[in-house]
Amino acid sequence: SLHLFAFGYAGGVWAKWCAAWQDAPQPITLHVAGNPVWQSLPHGLTEHGGAAKSSLHVCRQDFVPQSEFDRLLQQHDVLIIRGEDSFVRAQLAGKPFFWHIYPQAEAAHLDKLAAFWHTHHRHAAPTAAVQHAHQALSNELNGAADLTHPQRRQHWHTLLDHLADWQHSARAWQQYLLSQSDAVSRLHDWLQTRNRV
């Protein structure tokens, strides 16, 4: 069974994604943290934990102390997270993830999101299939696109069929981040460069 972790904002996208997951090629368990996502799910899923003859099972994920959050992320195969701290922790976990970014006026958040994924893809080098499917779903999650059900289902099937490639890309990004020097050293180097000018 594939274990998904969802910690995001309320919205209609969750019901649409659940419909795509219900006929996924493998069993999926969706662990939902917090009320916004939970209350956005179809009542039948939250009441009974899943639909009849469905690949999807839904359960609530209790909040954990901050000191245990990294361990919690490691227990899941795919992460859907929000906020800044969770966003950083997901990257350092080396797991495939989506960022449910906080909406801003005039859709400014979409430029920020696109810039992040552009940098990510340059260093993590996902396969074309993974990048295309992930980008389409990320856009829908964040209100930049509205997919049809067949499109949404196909993109999720692509990611799950290429899960090993997606995981490899996530680990490559993690290693790229860990290979960088720390912030204090970079600030020191920058100041040294300025002093020489």
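Note: the structure precedes this text.
Residues numbered from 1 in each chain as written. Predicted model: local features only at pLDDT ≥ 70, side-chain atom pairs only at ≥ 80, totals over all residues. Heavy atoms only, no water.

A. Structural view of the overall build of the chain. In terms of helices and strands, the chain carries 10 helices and 5 strands. What you see for the chain is a C-alpha radius of gyration of 18 Å, in line with the 16 Å of a compact globule of 197 residues. A sequence separation of at least 24 residues applies to 66% of the contacts in the chain between residues at least 6 apart. A total of about 10,300 Å² of accessible surface is found on the chain, and carbon and sulfur atoms cover 53% of it. Charge centroids of the chain, computed over 15 positive and 16 negative side chains, lie 3 Å from each other. (Helix = DSSP H or I, 4+ residues; strand = E, 2+ residues; numbered from the N terminus. Rg over C-alpha atoms; globule rule 2.2 N^0.38 Å. Contact = heavy atoms within 4.5 Å. Areas by Shrake-Rupley, 256 points an atom, 1.4 Å probe, with all protein chains shown as cover. Lys, Arg positive; Asp, Glu negative; His and termini not counted. Charge placed at Lys NZ, Arg CZ, Asp CG, Glu CD.)

B. Looking closely at the environment of Leu113. As for its placement among the helices and strands, Leu113 is situated in helix α6 (residues 108-124). By relative accessible area, Leu113 is classed as buried at 3%. Sequence separation between Leu113 and Ala133 is 20 residues, and the spatial gap between their C-alpha atoms is 16 Å. What Leu113 contacts, discounting residues up to four positions off in sequence, is Trp99, Ile101, Ser138 and Asn142. (Buried < 20%, exposed > 50% of the residue type's maximum accessible area, 1.4 Å probe, protein only.)

C. Local environment of the sheet that holds strand β5 (residues 97-100). Ordered in space as β3-β2-β1-β4-β5, the 5 strands form an open sheet in which the pairing is parallel. The outermost strands of the open sheet, each flanked by one partner alone, are β3 (56-61) and β5. Neighbour-to-neighbour, the strand axes of this sheet turn through a mean angle of 15 degrees, independent of strand direction. Relative to β5, strand β4 (residues 78-82) is paired through 4 bridges, and the arrangement is parallel. Within β5, the residue paired with Arg82 across the bridge is His100. Those strands touched by helix α5 (residues 85-93) are β4 and β5, and its axis lies near 160 degrees from that of β4. (Pairing = 2+ DSSP bridges. Axes fitted to C-alpha atoms, helices over the stretch in contact; angles between N-to-C directions.)

D. Representation of the side chain of His100 within the structure. Looking at the secondary structure, you find His100 in strand β5. Relative accessible area serves as the criterion here: at 6%, His100 is assigned to the buried category. Polar contacts involving the side chain of His100 include one to the main-chain carbonyl oxygen of Leu141, which spans 3.3 Å. Not counting chain neighbours up to four residues away, the residues in contact with His100 comprise Gly8, Tyr9, Trp14, Ile81, Arg82, Gly83, Leu141 and Asn142. (Polar contact = N/O pair within 3.5 Å; in protein donor to acceptor, adjacent residues only side chain to side chain.)

E. Representation of helix α9 (residues 163-178) in the model. Between its first and last C-alpha, α9 extends 22 Å over 16 residues, near the 22 Å set by a 1.5 Å rise per residue. Leu163, Trp166, Ser169, Ala170, Trp173 and Gln174 are the residues of α9 that are buried. In an axial view of α9, the angular spread of the buried residues amounts to 140 degrees, which keeps them on one side of the axis. Along α9, exposed side chains directed more than 90 degrees from the buried face belong to Ala164, His168 and Leu178. (Expected span 1.5 Å × (residues − 1). Arc of directions from axis to C-beta.)

F. Examining the packing of aromatic side chains more closely. All told, the structure shown has 19 aromatic pairs when counted by the stated rule. Measuring from ring centre to ring centre gives 5.9 Å for Trp17 and Trp21, while their planes differ by 70 degrees; the resulting arrangement is edge-to-face. Of this pair, Trp17 and Trp21 both sit in helix α1 (residues 13-21), separated by 4 residues, roughly a single helical turn. Residue classification places Trp17 among the buried positions, given a relative accessible area of 0%. By relative accessible area, Trp21 is classed as buried at 0%. A connected cluster of aromatic rings, assembled from ring pairs, spans Phe87, Phe97, Trp99, Phe116, Trp117, Trp173 and Tyr176. (Phe/Tyr/Trp six-rings, centres within 6.5 Å; stacked < 30°, edge-to-face > 60°.)

G. Molecular detail of helix α8 (residues 149-161). Helix length check: α8 (13 residues) gives 18 Å between terminal C-alpha atoms against 18 Å at 1.5 Å per residue, within 8%. Where α8 is concerned, the buried positions are Arg152, His155, Trp156, His157, Thr158, Leu159 and Leu160. Contacts made by the buried residues of α8 are with β1 (2-6), α1, β2 (28-33), β5, α7 (128-141) and α9.

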